[in-house]
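Examining the three-dimensional arrangement
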Amino acid sequence: MDQIQHKYIAVHGLNLHVADIGTGPNVVMFLHGFPEIWYSWRHQMIAAAGAGFRAIAPDYRGHGLSDLPPEPEKASYRDLVNDILAILEALAITKFFVVAKDYGAWPAYILALLYPDRILGVVTLGVPYLPASSRPSFAESLPEGFYISRFHEPGRAEADFGRFDATTVFRNIYILFSRSEIPIAAENQEIMDLVDPSTPLPPWLSEEDLQAYGDSYERTGFQTALQITYSGTEGLLSKVSGDRGLYNQWKGEGVCN
C-alpha cells in the first residue's frame, strides 16, 4: 500500500484525510461505510489505479484520520455531501465515478440525484436505493433486537461500545456480521454481547487489519459515526424520494453548488 498517497484538505474548518492513488483522467471516489475508514477500499483503489483510473477515498469527518467536528452530536448526511463536494473542488475534479458501501451509499445517491451532470456512474454495495414511497418504517419492519433498531435508540450503541476498547468493538462487529444468520439481541441483551470473545476472526480479516481500524477509532471514538449513520438523517430519507422539488429545496439549504 506504499503507493497510496495521503493528504489533508481543509474543509469547513476541519482537516479531512484523503487517500489518493493513480493519475488517470477518470476519477473513482470510494465512500466507506460504518464503522469504517478509507482503508476498507485499499485493495480496490490499487486495482482501479492499475486499470488506469485515479482513485480517491476520504475519511469522513470524525472518522479515521480526519478531524472531529466541534459538535459531533449534530453531524449529518448533509455534512458528508458538503464535505465530499468541497474535497472534489479542492482537487479540481469535476466529473467522477462513485463507489460506495453501507451508509456511504446515501451520499452517493444524493450526489447522483442532485448533480447528475457530474456523476459518470454509481456503484453501491449493501444499501439499495429505495424511493421514500416504498421504504418501510424501521420501527414497523425490524425486530426490536436488530442492530439497526438498537442503534437508533439515542445513546444505546455508545454505551454498548463504550464498555470495550475500539479494537474489540471492531472484532465483535466483523465477527457478528460475517455470519449467515441475522444478529438479533434478546430484550435484556446488548449487540456486543452476541459475540463469544473466543470466536476467531473471519479468514479475510487479519490482526493487522483489525488493528488499523481499532487504532483509527481509538482516536476519534464512535460518536460522530453513530450520529450520522443512525441519527443524522434529519429528513434526508424523505427528500431522496424522486421528487425534484424536494431535491431543489434540500440543495438550497446548504449543500455546495
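None of the values given here were measured: they were computed from a predicted structure. (Residues numbered from 1 in each chain as written. Predicted model: local features only at pLDDT ≥ 70, side-chain atom pairs only at ≥ 80, totals over all residues. Heavy atoms only, no water.)

**Brief notes about the packing of helix α7 (residues 166-176) against helix α8 (residues 207-220)**
Put simply, α7 and α8 touch, their axes get as near as 7 Å, and they point 125 degrees apart. Here α7 is positioned oblique relative to α8, judged by the angle of their axes. For the pair α7 and α8, the sense of crossing is right-handed. Contact residues: α7 offers Ala 166, Thr 167, Phe 170, Arg 171 and Tyr 174, while α8 offers Glu 207, Leu 210, Gln 211, Tyr 213, Gly 214, Asp 215, Tyr 217 and Glu 218. Of the residues contributing to the contact of α7 with α8, the split by class is six nonpolar, three polar and four charged. (Axes fitted to C-alpha atoms, helices over the stretch in contact; angles between N-to-C directions. Helix = DSSP H or I, 4+ residues; strand = E, 2+ residues; numbered from the N terminus. Parallel < 35°, antiparallel > 145°, perpendicular 65-115°, else oblique. Left-handed = near helix turned anticlockwise from the far one by under 90°. Contact = heavy atoms within 4.5 Å. Nonpolar A, V, L, I, M, F, W, Y, C, P; charged D, E, K, R; others polar.)

**Topic: the confidence of the model for the chain**
Per-residue confidence for the chain gives a mean pLDDT of 87, with 86% of residues at or over 70. Ignoring residues within four places in sequence, the model shows residues 237-244, a span with pLDDT below 50, making 29 contacts including any to other chains. The model gives residues 252-257 a pLDDT under 50, and that stretch makes 16 contacts with residues more than four places away or in other chains. (pLDDT = per-residue confidence, 0-100.)

**Some thoughts on the packing of helix α2 (residues 77-90) against helix α3 (residues 105-114)**
One can describe the packing of α2 onto α3 by two numbers: an axis separation of 10 Å at closest approach and a directional angle of 65 degrees. Crossing angle aside, the handedness with which α2 passes α3 is right-handed. Where α2 abuts α3, its residues Tyr 77, Leu 80, Val 81, Ile 84 and Leu 85 lie against Trp 106, Pro 107, Ile 110 and Leu 111. Residues of the contact of α2 with α3, tallied by class, amount to nine nonpolar, no polar and no charged.

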